[in-house]
Amino acid sequence: MYNNPSNIGWGRAGSPLSHPIRPQYADGTSSAAFSHRPSARDISLSLFRDERPVPLSEKYTALLPYFLEFLNHDILQLRAACPPESVDISVSPGDPLYGNETSAEMPLDRAQYQHHSGVWADFPRQQINSVTSWIDASQVYGVSKGWTDILRSGSGGKLKTSGETESGSENTAYPALNRWGVPLDTNMKPHTCQYPDIKKQYLFGDTRSNFDPGVYSLHWLMFSEHNNIARNLSKRYPGMNDKWMFDKSRYLTIAKFQKITFDALETLLGPIPAYKSSYNPTLNPGINFLYAGAVQFFFLTMMPDLILTNNCTQQAPHLRLCNTMWDAQTTVAEAGGPEAVLAGLSHQKAAAIDNHFVSDIRSYFYGPRHWTRRDGVAMAIQRGRDLGVPPLNTVLQYYGQKPMTWDDWKSVLPHGAAALKSLYQGDVNQVELFVGGMLLRGKDGGMSEIFKRIMRDQFVSLRDGDRFWYLNNYNGLGCTWDEIVETNYTTLREILIRNNVPVPWGNANVFSQDGTESACDSNAVEPGKCEGGMMFHFDYNTAPYAIPILIPLFVLFTVFLAVVVNRIMWYRLRRRSKKDEERNSCEWGRVEELQSRYGDRVVSITLDSTAKTLTCKAKGGQQKVIQWHKMTRVHVVSCADCKVTLLICIPKDYDLLLRFSSADMRSQFTQALERFSEGCNVTTQSMQMDKKDVMRVAKTEAHRQELVDAFLSSVFSEMMTREKVEEDILVEEEEEEEEGVVEGPQRDPEATPRQVARRVSSPELPTTPHSLQRRKSKASGVERSVMECELTRDEFAAALGLRPQQEFVEKIFPMVDRDNNGTISYREFLNFMVVYSSGSFSNKLSLIFNMYDYDQSGSLSVAEVKSMIRSMLEIVSASIEQEELNQLIRSLFELEEFQAKTELTFEDFQAIMSRYESDISRAQIKGANGAGTGLRKTASCKSFTSLPLQNRGLEIKRYIENNRLQIFYSIMYFLAISFLFVERFITYSRYKFHTGYPQLLGYSLSFTRGSAAVMMFNFPIFLLLMCKNTLTHLRRTFLKRFIPIDSNRSAHVALGYITLIFIIIHVVGHGYNFYQVSTLSPDHLDCLMPKTWLSGTGEATITGLLFGTITGITGILLVVLLLIMIIFSTEYARHHVFQYFWRTHHLYPVVLLLMVLHGTARLLQEPTFQYYLIGPAIIFTLDKMLSVSRNKREIPLLQANILPSEVTNLVFKRPLDFHYMAGQYVRIALVNSGTGRDEYHPFTLTSAPHEDYLSVHIRTCKGWTKVLRDLVMKNQKTPEKNPNLYVDGPFGEAHQDYSNYEVVILVGGGIGVTPFASILKDLIHKSTSLRSNLTKVRKVYFLWSTRSQKQFEWLNDIIEKCEKEDKLDILDTHIFITRFYEKSDLRTTMLYICERQFQRMSNRSLFTGLKAVTHFGRPNFDGIFEHIRLSHADVKKFGVFVCGPPAMSDSVQFACSKVTGKQIFVAYSESF
């Protein structure tokens, strides 16, 4: 219902102030920066006083100024501008109150205005009134219907009461508490520097009801009056409903308030023109900007600094105004309630109308948290400038009054005119309306005439322009004549009495002292001081404490999750190893070896009296065997203070540092060790030390390993410079021979081959101290501890990458150990390495010959040759059948001169191997780390500076050619997210000024909104990338040429990392935003988040933003969930706790739901994520529904086989509607297996499309695959108990496109050959079928890299079958056995000779039995691809399909980029 149907915008909330006269701004439109006007603070200090005693009025009671303030709350509220603007008040350094502070400006926000105003001179800024301008008791009932509905009780037409008291009785005296968190204006309480809790405040219709005790008490009074009227109406009209009763009570309460308002105005202003019984629809009832910018503050001069309660005695409580601001409810309750406050105000004198303001107003008025005490008078002056209020003389002229001159001012202000003139620099026309109006006096000595005129006109227009005024006969409110008459006779005195407030006797008008015998004098009471002091310059823009708090919390939370995951995994491993530890325990209980190379570990100690050895065996098979009988003395050190630790010092080896479960166990072991040593004729010396000394002297395995590493590094380093060392040694030998010191080694022409080999393996180097010292200083520079170190048999074997028990080690160790002391010294090991680095062809053959001449007969028998070959095979865990070995031996004796022999002499052996002289001459011994000992420096080749740049450019060109689609879509993606980020960043930095975001939050909000836009764009893309069925279908269409479908997984991972980056930006940005928001005033918060109710104190705290809003709660949950998903998606987690990766990644519906809810609070903008999500979500849902329709079918398992190398083969029924292509994969889950029905795992099909069954080969690792293998092994005798399968698929991948290329290169590593099993069978089937045109493939190169020929032997059968059926010679297979050392290794060279000999003899491999060529070591992809390129010069594009470890995929990708030129090598990789 509109008040004025012809002008519905007049007087309503949100309407602009009225401007009967043009406002004046510094720039003519909106600026309040008047350079020629003095500071408002300087005016306040110069012209207005605040000292005590306060001049008191002899005419008015203190109730009048508080009622005028209460009235202003009904008709006027100027909120802070949005976006925020300030008209800060300058404070001079010499200010008596604020001068010691560093800040030069007292903060004051400009008033809210219409944004389309103030743009041009004809339409200056128009401020907005946030409440209705009608005198309609909106401070009692609220300014909106929603607010009114909250206040209603719903029963009897009454307003809600606070319910039950602590005693249990109904408390009807007070309104309901604000449990709903209705947003109230709550500034900081300046006396405590805290915000009040709005949920603990009584809920009135005014947001400012808690400002001061007088206003709060009058709110209570009108609330009580409404309920009194409602109760009376209920008795008078018992049958009426609640709505009628409430509306009627409301109309009567408003009518009484209107009547009382004009009573107060007439008391202050004198007679006011009578109402004419009808309203004027042409009269604009808006609030005059002159009233809002000056006159409304007039009541401040009438406010005393104290409120004396009850009967105003000194014993009664009194309230200091400065200590009650924004804390009225609490302070009034402590003073005896609203009744006591109203009683005191009606008895108490108001302050006199003059230029005196109490210090509570002029110096200790409330302020924001960074300036808690401000000057209320200066604020009133500055507000006038903000509203564009013209100077006093301009206003006087408008109202037809005589302008003021300086002479006039001298007569008005005999002692203040000079100060006034000085402040305004002699320009009398610049004196402002508030300043002049407060300094002038009316005819009655009170309020100035100009103020009276403005105020009288304002309220007359409010009355006459109000269609619902209670005296309007046509207001349509249904009030009877009796009710109107009764209202006309209503006074505030009657209402006070009706609500149990004691009022002065004989005083009909409680606003006036007339009839009152003696009003209370507040100067008679000591006021006390204003508490809380002042807080200045809380510069929240330069102290972002939220960032150093939130970011460490974010990092700590991530670390906490990682630690939790690690501990879970550790406990699981601990439970698994518990039985193993019990199994490892020996007769002395649980024993731990400390500081081993594997850390602290549980070991089992065995004392073997027969073999005279001490064995220390750990879990996993690692054991240390000590030959006790070879020692003469052993030191046993007991720890004196810890009682359970024992150190066994072993000469020329590392010590054993053991910890027993108890002191008794240690004592028993020590006694047993002494008896054991005595039986081995070994002296045991026992001693005790403190624990710190034991740990200091112990040379444990970890220390020993460091020494051995330094030993080997030193030897290899010296080999790098051996040429220079040998040259120095030769020079020394020549010098020393001349001096007769050393005789060189003599060659014995009659020496046997074994003696020659002995000399060659350990050549004599100069041993004099002088030459050795010279050699050390020039060649190696190694430390003394390294030079004195000696290698045991185990350490020697480890240095060669072998096991101590292997025959090769058994044969070569005695030859290196020249002094036969059971260890190898630095010099012995160096000499051994020198032989294999620089030895001749004859010397190397002599060494091998004599190693296997067991009987030292000078010849090798057939049995000894077989032993040599088997020992070489043992090195690399290879084996061959006996018949194949016999064939190989026969082939070695195939030369005519050796066919009749049964033994080979050294000369015969040398003649047979002469055809491989170049290979053997280059051969060396490779260490376990793969480094050769013969590290001779090669001559540097001539280089050209242009080649690196050319090669780099060629690599880039090749990379672009191979990845042009990926690059295109990557560029498009980065352009898209850059556009989204920049668009949001610029929008919130430049084009959101009307919202206040840039002014209040700065660039931090721009970063968070930009990152949010990118994340909203990324999350739907995740869904599209996981639409497996859709992507599989797209492979069969022409779109596969334009979409890089094979990159969906890598794109998913890359998208995850990009999203993580923007998550961090978003979180860090909001860390700063939370700080900024938490320091804003309530007005600024209302500007920033107009659609958000901040419950509690009404301020935005970090905890409130995080845990009190749906945006904060969902944001925390999103960060937690995304962190969990990211942590469990790491490679380590996927390999060790796959089920957690599976389960956490299936939280994506929760993440998407939280993303949608995250924006529903509309804190800063309308939610938009749903618009990004809806399209991809529909596609993903349909794709998922297709999978669900398939994976609910149970498929019987036809066959399950346990294959070598921990491989499980599953053969299951092929559904009739299951159509797939070679190279595709399926997702499998087990039915009723205890692994979880929803845990699907992807496996490539190894069956071919033409076969009537489906099969997969699964390598057993951990978790699900181990459960599967255990089930199959358990049910080997009863295969019918094997579980059925859920199968989802097939799904496409790059390998299915092999048939699009003429020349195909298949590269498999380990179990990565599974997709090629299907491809090979399908290819051979198509090429040999009648429909050979099904494929255009002309040649297939299959490169299989495996550790040994025993791994994945199931594939040998498939390859062998394909070789037999390959009539067109399409397939060319190469097998690389990587467990062999590189071809340049001496041992591998011998095996290579055997393989090539057997290949020529039988046309198949010695190791695999296939026609495929067997290679030793890792494949050189550069050379292989170059050879293939030259072999097919007519082919423009080669398809390279890789499946294996990531390192192999990277190597193939690099080789393809390197070889690609005019002929293109396109690589498709799948890693596991």
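Residues numbered from 1 in each chain as written. Predicted model: local features only at pLDDT ≥ 70, side-chain atom pairs only at ≥ 80, totals over all residues. Heavy atoms only, no water.

Time to look at the state of the cysteines. Within this structure, the stated rule accounts for two disulfides. The disulfide that involves Cys322 links it to Cys530, with 2.0 Å between the sulfurs. Here the S-S torsion is close to -105°, and the disulfide linking Cys322 with Cys530 is therefore left-handed. Of this pair, Cys322 sits in the loop between strand S9 (318-320) and helix H8 (328-334) while Cys530 sits in the loop between helix H18 (492-498) and helix H19 (546-584); the two residues are 208 residues apart in sequence, bridging distant segments of the chain. In this pair, the class of Cys322 matches that of Cys530, namely buried. Through a disulfide, Cys639 is tied to Cys642; the S-S separation comes to 2.4 Å. You can call Cys639 buried: its relative accessible area is 1%. A relative accessible area of 22% means that Cys642 is categorised as partly exposed. (Disulfide = S-S within 2.5 Å. Helix = DSSP H or I, 4+ residues; strand = E, 2+ residues; numbered from the N terminus. Buried < 20%, exposed > 50% of the residue type's maximum accessible area, 1.4 Å probe, protein only.)

Picture the strands of a sheet paired through backbone hydrogen bonds; they go either parallel or antiparallel. What the eight strands build is an open sheet, ordered S16-S15-S14-S13-S19-S18-S17-S20; its pairing is mixed. For this open sheet the edge positions go to strand S16 (623-627) and strand S20 (683-689), each flanked by a neighbour on one side alone. Here the average twist between neighbouring strands, direction ignored, is 30°. Pairing of strand S17 (residues 633-639) with strand S18 (residues 645-649), which is carried by four bridges, proceeds in the antiparallel orientation. Bridging across to S18, Ser638 finds its partner in Leu646. Helix H20 (residues 663-679) contacts strand S14 (599-608), strand S15 (613-618), S17, S18, strand S19 (656-660) and S20 of the sheet and is inclined by roughly 20° relative to S18. (Pairing = 2+ DSSP bridges. Axes fitted to C-alpha atoms, helices over the stretch in contact; angles between N-to-C directions. Contact = heavy atoms within 4.5 Å.)

This part takes up the confidence of the model for the chain. Should pLDDT be low for a region, the predicted coordinates there are not to be read in detail. Overall, the predicted model of the chain reaches an average pLDDT of 78, with 76% of residues at or above 70. Within the model, the stretch residues 733-782 combines pLDDT values under 50 with 73 contacts to residues more than four positions away or in other chains. With pLDDT under 50 throughout, residues 922-947 is counted as low confidence; its partners more than four residues away or in other chains account for 54 contacts. (pLDDT = per-residue confidence, 0-100.)

The next thing to look at is unusual backbone geometry. In this structure, Pro53 follows Arg52 across a cis peptide bond, with omega equal to 0°. Of note, Pro53 is situated in the loop between helix H1 (40-47) and strand S2 (56-61). Between Cys82 and Pro83 the backbone carries a cis peptide bond, its omega angle lying at 10°. Mapping Pro83 onto the fold places it in the loop between helix H2 (63-75) and strand S3 (89-90). Its identity as a non-glycine residue notwithstanding, Gln425 has a phi of 55°, on the positive side. Looking at the element boundaries, Gln425 is found in the loop between helix H14 (417-423) and helix H15 (433-439). The backbone of Lys643 sits at a positive phi, close to 70°, despite the residue not being glycine. Counting through the fold element by element, Lys643 comes out in the loop between S17 and S18. For Lys643, a relative accessible area of 46% corresponds to the partly exposed category.

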